[in-house]
Amino acid sequence: MIVTDPRLPSIETADIDWSNGAPRCRRFGDVYFCSENGLEETRHVFISQNRLRERFSLLPAAAPFVIAETGFGTGLNFLAAWQAWDETATPRNGCLHFVSAERHPLTHDDLARALMMWPELKAYADQLLEQYPAPTSGVHRLVLAGGRVRLTLFFGDVADAWRELDFQADAWFLDGFAPAKNPGMWTSEVIDAIPGHSKPGTTLATFTSVGEVRRRLIAAGFTMRKAPGFGPKWDMLTGTLGDATSPETPPAANDVESIAIIGAGVAGSLLARNLAERGLHVTVIDQAQEAGTAASGNIQGALYVKLGIEFNDQAKLGLSSLLFSQRYYQQFGGEHWHPSGLVQLAHSDSEQDRQNRFIARNDYPSAVLQQISAEQASELAGIPLTRGGLWFPRSGWLEPGGLCRALIDHERIFQCFGFDVHRLTPCNGKWHIAGNGEQDVVVDRVVICAGHQTPDLIPLKGGFRFRAIRGQVTHLPAKGVKCPDVVVCGSGYLNPAHGGMTLAGATFDLHDPSPTLSIESHRDNLSMLDAMVPGAVDRDSGDVDPAKLDGKVGFRCTTHDYQPVAGPLMDAYGQPLEGVNLFTGLGSKGLSYAPLLAEYLADLLSGQPVCLPGSLAKRVATGRCHRVELTEQETISA
Ligand code: SAM
């Protein structure tokens with residue numbers, strides 16, 4: 001049965017019949033689990049038959065274990081696997097990765113109701129519910145249990161999931177309703193894709209023993225056998241990829257020993273923390289004396305993306321980044337993260353028209369965004385606003401400098417400040433990072449996160465399509481401004497007051513390379529505010545005299561296509577420069593893009609399933625940033 005969602009990115013949720021106590025799916029006419037002993041059945045079919053407890057307990061330190069599943073449903077299998085992991089895996093930085101595809105996600109309420117039936121899983125269910133994404137299509141990465149468990153949840157058809165996702169499973173849970181009721185889950189296309197996502201010796205288990213499924217799995221390369229089913233069911237199937245006697249590959253511990261991150265802004269700090277939490281040792285290098293001083297050093301920054309009218313790869317990346325960062329920053333709530341909500345004002349007629357077309361073309365869940373009138377916007381902001389706009393209830397603002405410093409405060413992060421990197425040189429499989437007179441830092445991998453200074457550090461000849469754009473923010477004493485209760489953005493932004501100040505800006509100075517504060521830029525910011533929120537600034541008060549105001553100048557690093565860059569450094573011929581990665585080009589959306597892209601880079605660097613689908617990994621790839629096609633001699637390392 002082919003289902004098309006009328007308007008993206010919303011995805012049709014499951015229609016649940018609760019009349020018998022246990023959730024039953026109306027669309028497929030089947031139950032998700034049996035109400036009395038569903039948990040026992042999961043343990044028998046999926047956990048025991050894949051021998052997960054034994055395999056978890058034998059894992060080398062810091063090794064990941066990957067389970068892939070067809071049909072996330074209520075998440076019961078996931079939570080049971082998580083509980084088994086908690087009870088058996090050695091607590092040495094290993095990570096359980098669970099990858100699951102779900103065509104019709106349960107709503108948050110239905111999920112909560114279903115999981116209430118398993119009190120012993122409550123501690124796990126609560127964490128899942130706290131992060132469970134709004135029903136939007138695409139990939140959602142949830143980082144749970146402080147990073148010991150990662151869930152990659154693909155909301156969409158299973159065949160698309162296996163096409164888009166990049167992972168290698170150690171074990172499979174083939175769930176997905178009875179084949180007679182839901183043949184779409186058991187097609188050759190779906191089953192034939194399994195070996196390509198499996199390690200040699202991968203195991204699988206499924207509750208069904210249907211002959212056609214068994215034959216397809218054998219054709220795909222699995223050695224299959226029948227096992228006793230649970231309860232009244234006679235049989236179930238288990239399988240091993242390849243010869244049944246071939247032992248499964250023990251998951252490897254990470255072979256990257258040392259990583260240097262150049263640049264301690266939001267991108268570098270998030271990446272360093274992410275890697276350190278995965279058990280890797282990281283050296284963070286910056287020419288400044290502490291983290292978060294350059295473009296990331298503003299006292300306030302809005303969590304904000306501008307979603308395009310077409311739900312294309314650009315919009316998908318923006319949305320995934322926004323949703324991931326909203327989940328990620330929760331841990332800093334009240335300290336560096338202030339989830340006040342954010343209004344994206346329709347600040348001009350053309351922006352109003354754009355927003356109207358955006359709303360007509362797309363369908364976003366109200367938990368993600370809603371269109372609101374000027375009256376609603378004024379009520380939310382607590383100040384008069386003359387225009388409506390788009391309301392992002394879960395967005396807000398951050399204190400980026402403090403956030404960066406908190407992020408790199410970790411026992412596995414070595415801080416190397418006051419180190420002005422001059423040159424990266426490859427030598428015997430390592431990278432030597434030379435600075436101003438100090439001893440070289442020598443590492444296996446380097447990630448250049450140096451914002452607009454990145455092109456100067458790339459160890460390849462030729463030009464790159466990066467551009468530095470000056471932005472000055474203005475610090476305004478809160479007593480001279482009607483400060484909103486939520487972030488208001490449009491042609492610029494105005495933040496809620498914090499410590500007696502508020503921040504407005506930022507200018508967008510394409511042709512001004514000056515790093516010093518300018519009165520002219522303060523005037524531009526005040527004019528922007530007058531136009532965006534008329535009457536917000538008390539111009540008669542002496543508190544907002546441009547000649548006396550403080551502020552900060554930063555340089556955004558943007559690319560020719562205004563999309564970020566994250567991944568292994570490719571030369572102009574598409575060949576990787578082994579061991580060097582880039583993470584930059586975040587423009588003015590670094591706070592939104594960086595958490596997800598740090599997660600993506602950390603996935604790559606630690607050899608774990610990646611959180612971006614193939615299409616988005618391509619969107620952020622580094623190779624697109626070369627200025628011109630170069631001759632072979634020109635690309636040799638500098
Ligand atoms: N593993 C689940 C759990 O622990 O609760 C139960 C899975 S339930 C038996 C099967 C799930 O497969 C349903 O949630 C259903 O919506 C999903 N499904 C059915 N067809 C699908 C498809 N073509 N692609 C992805 N998911 C699908």
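Residues numbered from 1 in each chain as written. Predicted model: local features only at pLDDT ≥ 70, side-chain atom pairs only at ≥ 80, totals over all residues. Heavy atoms only, no water.

1. Focus: empty space enclosed by the protein
We apply this condition: Here the term cavity refers to a set of points on a 1 Å grid, laid over the protein atoms alone, in which a 1.4 Å probe fits but cannot get out; the term pocket refers to an open set having protein on both sides within 12 Å along at least five of seven lines, with lining residues being those that place an atom within 4 Å of a point. Grid points are joined across faces, edges and corners, and a volume is the space filled by probe spheres set on the points. Secondary structure follows DSSP: runs of H or I at least 4 residues long count as helices, runs of E at least 2 residues long count as strands, and numbering of each begins at the N terminus. Following the grouping adopted for this structure description, the nonpolar residues are Ala, Val, Leu, Ile, Met, Phe, Trp, Tyr, Cys and Pro, the charged ones are Asp, Glu, Lys and Arg, and the polar ones are all others, Gly among them. These domain limits were set by an automatic method or by a database of domain assignments.
Counted according to the given criterion, the structure contains two cavities of 30 Å³ or more. Within this model, the largest cavity holds a volume of roughly 70 Å³. In terms of lining, the largest cavity is formed by V139, H140, R141, S320, L323, F324, R327, L596, C611, L612, P613 and L616. Elements represented by at least two residues in the lining of the largest cavity include exactly β6 (138-144) and α10 (313-329). Partitioned by chemical class, the residues of the lining of the largest cavity number eight nonpolar, two polar and two charged. Both of domain 1 (37-241) and domain 2 (259-293 + 401-463 + 561-632) provide at least three residues apiece to the lining of the largest cavity. Estimates place the volume of the second largest cavity at around 40 Å³. Lining the second largest cavity, in full, are L59, P60, A61, A62, A63, W85, A89, T90, R92 and G94. Looking at the lining of the second largest cavity, its residues break down into seven nonpolar, two polar and one charged.

2. With respect to the state of the cysteines
For clarity, the cut-off: When two cysteine sulfur atoms lie within 2.5 Å, the pair is treated as a disulfide.
Counting across every chain of the model gives zero disulfides. C34 supplies the cysteine sulfur nearest to C25, a cysteine that is in no disulfide, at a spacing of 17 Å. Cysteine C449 is unpaired, with the sulfur of C404 as its nearest cysteine sulfur at 11 Å.

3. Notes on the pairing of strand β7 (residues 149-155)
Inclusion rule: Whether a residue is buried, partly exposed or exposed follows from its accessible area with a 1.4 Å probe, protein chains only, as a fraction of its type maximum: under 20%, in between, or over 50%, in that order. Whether two strands pair depends on DSSP finding at least two bridges between them.
Where burial is concerned, most of β7 is hidden: seven out of the seven residues are buried. Because side chains alternate across β7, one face comprises the buried residues V149, L151, L153 and F155, and the other comprises R150, T152 and F154, equally buried. The sheet contact formed by strand β5 (residues 95-102) and β7 spans seven bridges and is parallel. Across the sheet, the residue bridging to H97 is R150, located in β7. In the sheet, β6 pairs with β7 via seven bridges, with the strands oriented antiparallel.

4. Digging into the nonpolar core
Put simply, the rule reads: Note on terminology: a nonpolar core comprises buried Ala, Val, Leu, Ile, Met, Phe, Trp, Tyr and Cys residues joined through side-chain atoms within 4.5 Å. Any two residues having at least one pair of non-hydrogen atoms within 4.5 Å are treated as being in contact.
By size, the foremost hydrophobic cluster in this structure holds 82 residues, and its most contacted members are F78, L128 and W162. For this core, the element with the highest residue contribution is helix α3 (residues 76-88), accounting for eight residues. Other than its neighbours up to four places away in sequence, L128 contacts F72, F78, L79, L111, L115, L142, L144 and L151. Counting 74 residues, the second-largest nonpolar core is a separate cluster that includes L280, L319, Y328 and W337.

5. Some thoughts on the environment of D17
Worth spelling out the cut-off: In the analysis that follows, any N or O atom pair within 3.5 Å is treated as a polar contact, provided that within protein one partner can donate a hydrogen and the other can accept it, and provided that, for residues neighboring in sequence, both atoms belong to side chains.
Positionally, D17 belongs in strand β1 (residues 16-17). Along the chain, D17 and R27 lie ten residues apart, while their C-alpha atoms are 9.9 Å from each other. At a separation of 2.7 Å, a polar atom in the side chain of D17 contacts the side chain of S19.

6. Quick look at the UniProt feature "domain: MnmC-like methyltransferase" (unreviewed entry) in the protein
Inclusion rule: UniProt positions are given in the numbering used here, feature names are shortened, and annotations may be inferred rather than shown by experiment.
Per the UniProt record, "domain: MnmC-like methyltransferase" (unreviewed entry) is found at residues 119-240. Within residues 119-240, the helical portion is 25% and the strand portion 34%, while the C-alpha atoms at the span's ends are 33 Å from each other.

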